[in-house]
Amino acid sequence: MKTRNIFLFILVAAIAAGVGVVTSHKQNQPAPQTPEAKAVANLFAQTMPDATGKPQALSQWKGKPLIINFWATWCAPCVEEMPELAALQAEVAPVQIIGIGVDSQENIAQFAEKFHIYYPLYVAGTGATDLLRQFGNQAGGLPFTVLVGLDGNLKKVYLGRLNFDELRRDLASFKNM
């Protein structure tokens, strides 16, 4: 009888250990990333030249709430909203506005100087198309703006010229964005 009880005890212990290993393995697996999370992670993995041509790692913006504006100097609605975005930067701090240009470094530098754009501008050139698609902008339309929260999560996207009243309301609703 004792041998049977010992065997039963060993069997139950082995099953419990096996369940524990399976449960522990499942808990250590990372959660699958959403397409939005992958897009943000890919953006932060990029290094792009700024308007002066100096390479900049976009990972420097991790952990900060962001308004990311994809634009081009040849895009009329983009050009129209840039001065408002520049003025908005002082109003929305600590939220940081960054511009990602689908254009040449020379054109972006000239534009920034002419229109007094002092928030960071980066040059993605035609490589921005892949980024736009990752954020859900399959057509690659410009301007295209993305809100990324303090937590690194995508909060909202805007296709077309920004409605600044809507943007301000959205920023207010994401208090701790």
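Just so we're clear, the structure is a prediction, and the values are computed from it rather than from any experiment. Sequence order as written defines the numbering, with residues in each chain counted from 1. Side-chain atom pairs in this predicted model are given and counted only at pLDDT of 80 or more, local residue features only at pLDDT of at least 70, and totals for whole chains, interfaces and linings cover all residues. To get the side-chain values, all heavy atoms of the structure are used, and hydrogens and water are removed first.

**Quick notes on the side chain of Gln96**
Then, number 1: The residue Gln96 is located in strand β4 (residues 96-101) in this model.
Then, number 2: If we ignore the near neighbours within four places in the chain, the residues touching Gln96 are Trp61, Pro65, Leu66, Ile67, Gln89, Tyr119 and Pro120. In this description a helix means any DSSP run of H or I spanning at least four residues, a strand means any run of E spanning at least two, and both kinds are numbered starting from the N terminus. The contact rule is simple, with two residues in contact once any of their heavy atoms fall within 4.5 Å.

**Regarding the sheet that holds β4**
Then, number 1: Ordered by their spatial adjacency, 5 strands build an open sheet running β5-β4-β3-β6-β7, and the pairing between neighbours is mixed. Looking at strand neighbours, the two that pair on one side only are β5 (121-123) and β7 (154-159), the edges of this open sheet. Each neighbouring strand pair of the sheet contributes to a mean axis angle of 20 degrees, computed without reference to strand direction.
Then, number 2: Note on pairing: DSSP must find at least two bridges between two strands before they are called paired. Where strand β3 (residues 66-71) lies against β4, 6 bridges are found, and the strand directions are parallel. Whenever a helix is involved, its axis is fitted only over the stretch in contact; in every case the axis is a line through C-alpha atoms, and angles between N-to-C directions fall within 0 to 180 degrees.

**A closer look at the side chain of Asp50**
Then, number 1: As for its placement among the helices and strands, Asp50 is situated in the loop between β1 (47-49) and β2 (55-57).
Then, number 2: It is Lys54 that comes nearest to the buried, bridge-free Asp50 among opposite-charge side chains, at 6.1 Å.
Then, number 3: In protein, a polar contact requires one atom able to donate a hydrogen and another able to accept it; more generally it is a pair of N or O atoms within 3.5 Å, and residues adjacent in sequence count only if both atoms are side-chain atoms. A polar atom in the side chain of Asp50 sits 3.4 Å from the side chain of Gln56.
Then, number 4: Aside from chain neighbours lying at most four places away, what touches Asp50 is Gln56, Gln105, Leu121, Tyr122 and Val123. Exposure categories follow from relative accessible area, calculated using a 1.4 Å probe and restricted to protein chains: below 20% of the type maximum is buried, above 50% is exposed, and the middle band is partly exposed. Positive charges come from Lys and Arg, negative ones from Asp and Glu, while His and the chain ends are left out of the count. Put simply, a salt bridge is a Lys or Arg side-chain nitrogen that is within 4 Å of an Asp or Glu carboxyl oxygen.

**A closer look at the packing of aromatic side chains**
Geometrically, a pair of aromatic rings is defined through the distance of the ring centres and the angle of the planes.
Then, number 1: Classification of ring pairs rests on two measures: the distance between centres of Phe, Tyr or Trp rings, Trp counted by its six-membered ring, which must be within 6.5 Å, and the angle between planes, read as stacked under 30 degrees, edge-to-face over 60 and tilted in between. Under the counting rule described, the total for this entry stands at 4 aromatic pairs.
Then, number 2: With a centroid separation of 6.3 Å and an interplanar angle of 55 degrees, the aromatic rings of Phe70 and Phe135 are classed as tilted. Placement of Phe70 in strand β3 and of Phe135 in the loop between α5 (128-134) and β6 (144-148) is noted, with a sequence separation of 65 residues between them.
Then, number 3: We classify Phe135 as buried; its relative accessible area is 6%.
Then, number 4: The interplanar angle of 35 degrees and the centroid separation of 4.5 Å between the aromatic rings of Phe111 and Phe115 together place this pair among those described as tilted. Of this pair, Phe111 and Phe115 are both found in helix α4 (residues 105-115), 4 residues apart, which corresponds to roughly one turn of the helix.
Then, number 5: Cluster of aromatic residues (ring-pair linked, three or more members): Phe70, Phe135 and Phe144.

**Some details on the environment of Arg161**
Then, number 1: In this structure, Arg161 sits in the loop between β7 and α6 (164-173).
Then, number 2: Linking Arg161 and Ala76, residues 85 residues apart in sequence, is a C-alpha distance of 9.4 Å.
Then, number 3: A polar atom in the side chain of Arg161 sits 3.2 Å from the side chain of Glu80.
Then, number 4: There is a polar contact of 2.8 Å between the side chain of Arg161 and the side chain of Glu84.

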